[in-house]
Amino acid sequence: SQQGEEDPQALSIQEGENATMNCSYKTSINNLQWYRQNSGRGLVHLILIRSNEREKHSGRLRVTLDTSKKSSSLLITASRAADTASYFCATDDGGSNYKLTFGKGTLLTVNP
Amino acid sequence: NAGVTQTPKFQVLKTGQSMTLQCAQDMNHEYMSWYRQDPGMGLRLIHYSVGAGITDQGEVPNGYNVSRSTTEDFPLRLLSAAPSQTSVYFCASSWLLAGQETQYFGPGTRLLVL
């Protein structure tokens, strides 16, 4: 069964705008990760946030984690057309750190 | 480093045929896994391995076999292909060490079962 669920399923914005995607999960976790998938390609790791962290930044990416609400958000600032992709959150099961469950993803379209 | 490689890129099978999807990594990762990706379903874990000689089932293991005889290779075998196995298959690998959980994905194998 899906552990993480992203919201919205699809998001369309203009270049330069910010994009926010949300992820909810069901059980306790050690880490939450975000991945990007360009059309027809494999997934690429973006950022990992640990259960004892509340916020993490990497370049134009900002991830927050609220373990009390079992939710996370990914913010992409000043989006570019090249950011067009599907974004997935992935969680472990609270036991092992490596066995991940992925959500269904958010399809982000950034219009030039 | 080549990272994670998968072959073939695309395959067409007839119902009942068997085949092996190849996956190899050159990063000396202990953990390797296979996922399938279907439209609207995200990625679902088929099988995984934490080292040579050790494999375990994921969420959707039926119809698939795996083995791990070396650290580098983790082939996925379809025993008797069914149309329901039409999907895109991704192999991924990572270290087991805490702090090294990033998974590296291969480019995928697109499988069509007629």
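About the thresholds
- Residues numbered from 1 in each chain as written.
- Chains lettered and ligands numbered in written order.
- Predicted model: local features only at pLDDT ≥ 70, side-chain atom pairs only at ≥ 80, totals over all residues.
- Heavy atoms only, no water.
- Helix = DSSP H or I, 4+ residues; strand = E, 2+ residues; numbered from the N terminus.
- Rg over C-alpha atoms; globule rule 2.2 N^0.38 Å.
- Buried < 20%, exposed > 50% of the residue type's maximum accessible area, 1.4 Å probe, protein only.
- Contact = heavy atoms within 4.5 Å.
- Areas by Shrake-Rupley, 256 points an atom, 1.4 Å probe, with all protein chains shown as cover.
- Lys, Arg positive; Asp, Glu negative; His and termini not counted.
- Charge placed at Lys NZ, Arg CZ, Asp CG, Glu CD.
- Phe/Tyr/Trp six-rings, centres within 6.5 Å; stacked < 30°, edge-to-face > 60°.
- Disulfide = S-S within 2.5 Å.
- Pairing = 2+ DSSP bridges.
- Axes fitted to C-alpha atoms, helices over the stretch in contact; angles between N-to-C directions.
- Core = buried A, V, L, I, M, F, W, Y, C linked by side-chain atoms within 4.5 Å.
- Buried area = accessible area lost by both parts, 1.4 Å probe.
- Salt bridge = Lys/Arg side-chain N within 4 Å of Asp/Glu carboxyl O.
- Polar contact = N/O pair within 3.5 Å; in protein donor to acceptor, adjacent residues only side chain to side chain.
- Nonpolar A, V, L, I, M, F, W, Y, C, P; charged D, E, K, R; others polar.

Caption draft 1: Local environment of the overall build of chain A. Within chain A, the secondary structure is distributed over 0 helices and 11 strands. The order of α-helices and β-strands along chain A, N terminus first, is β-β-β-β-β-β-β-β-β-β-β. Rg of the C-alpha trace for chain A: 13 Å, near the compact-globule value of 13 Å for 112 residues, within the 12% margin. With respect to the principal axes defined by its C-alpha atoms, chain A has extents near 45 × 30 × 20 Å. Evaluated residue by residue, chain A yields a buried proportion of 45% over its 112 residues. Relative to all contacts within chain A whose residues are 6 or more apart in sequence, the contacts with residues 24 or more apart total 56%. Total accessible area computed for chain A in this model is approximately 5100 Å², and 44% of it derives from carbon and sulfur atoms. For chain A, the centre of its 13 positive side-chain charges and the centre of its 11 negative side-chain charges are spaced 4 Å apart.

Caption draft 2: Looking closely at the packing of aromatic side chains. Counted by the stated rule, this structure contains 8 aromatic pairs over all chains. Put simply, the rings of Tyr35 and Phe102 of chain A together with Tyr35 and Phe105 of chain B pair up and form one aromatic cluster.

Caption draft 3: The arrangement of the state of the cysteines in detail. Residue and element names in this part refer to chain A. In the structure shown here, the tally under the stated rule is 2 disulfides over all chains. Here cysteine 23 pairs with cysteine 89 through a disulfide, and the sulfurs are 2.0 Å apart. Its torsion about the S-S bond being 65°, the disulfide of cysteine 23 and cysteine 89 is classed as right-handed. Of this pair, cysteine 23 sits in strand S3 (residues 19–24) while cysteine 89 sits in strand S9 (residues 85–91), and the two are 66 residues apart along the sequence. You'll find cysteine 23 and cysteine 89 in the same group, each marked buried.

Caption draft 4: Fine view of the sheet that holds strand S3 (residues 19–25) of chain B. All names here are of chain B. Taken in spatial order, the 4 strands of this open sheet run S1-S3-S8-S7, and their pairing is antiparallel. Whereas interior strands pair on both sides, the edge strands pair on one side only; in this sheet they are strand S1 (4–7) and strand S7 (64–66). When strand polarity is set aside, the average angle formed by the axes of neighbouring strands in this sheet is 20°. As defined by bridge partners, S7 adjoins strand S8 (residues 76–78) across 3 bridges and the pair is classed as antiparallel. For valine 66, the partnering residue across the bridge sits in S8 and is leucine 76.

Caption draft 5: Main features of the nonpolar core. Counting residues in hydrophobic clusters, the biggest one holds 21 residues, and the most contacted among them are Leu32, Trp34, Leu74, Ile76, Tyr87 and Leu108 of chain A. Breaking this core down by element, the ones donating at least two residues are S3, strand S4 (31–37), strand S5 (43–50), strand S7 (61–66), strand S8 (71–76), S9 and strand S11 (106–111) of chain A. Dropping the residues within four chain positions of it, isoleucine 76 of chain A is found in contact with Glu17, Asn18, Ala19, Met21, Arg60, Leu61, Asp83, Tyr87 and Leu108 of chain A. Counting 19 residues, the second largest nonpolar core, distinct from the first, contains Val4, Cys23, Val66 and Cys91 of chain B.

Caption draft 6: Broad picture of the interface of chain A and chain B. Between chain A and chain B, the residue contacts involve 21 residues of the former and 25 residues of the latter. In total, about 1700 Å² of surface goes out of reach between chain A and chain B, with carbon and sulfur atoms giving 54% of it. Between arginine 50 of chain A and glutamate 101 of chain B there is a salt bridge, and its shortest N-O distance comes to 3.4 Å. If you look at where chain A meets chain B, you find 6 residue pairs in polar contact (both at pLDDT 80 or more). Only S4 and S5 of chain A provide two or more residues apiece to the side of chain A that touches chain B. When the residues that make up the side of chain A that touches chain B are grouped by side-chain class, the tally is 7 nonpolar, 10 polar and 4 charged.

Caption draft 7: Region of interest: the pairing of strand S11 (residues 109–113) of chain B. Residue and element names in this part refer to chain B. Judged by which residues are buried, S11 turns out to be one-sided: Thr109, Leu111 and Val113 face inward and are buried, whereas Arg110 and Leu112, on the alternate face, are not. The pairing of strand S2 (residues 10–13) with S11 spans 4 bridges and is parallel. Its bridge partner being in S11, leucine 13 is matched across the sheet by valine 113. Where strand S9 (residues 87–94) lies against S11, 3 bridges are found, and the strand directions are antiparallel. Looking across to S11, one finds that tyrosine 89 is bridged to threonine 109.

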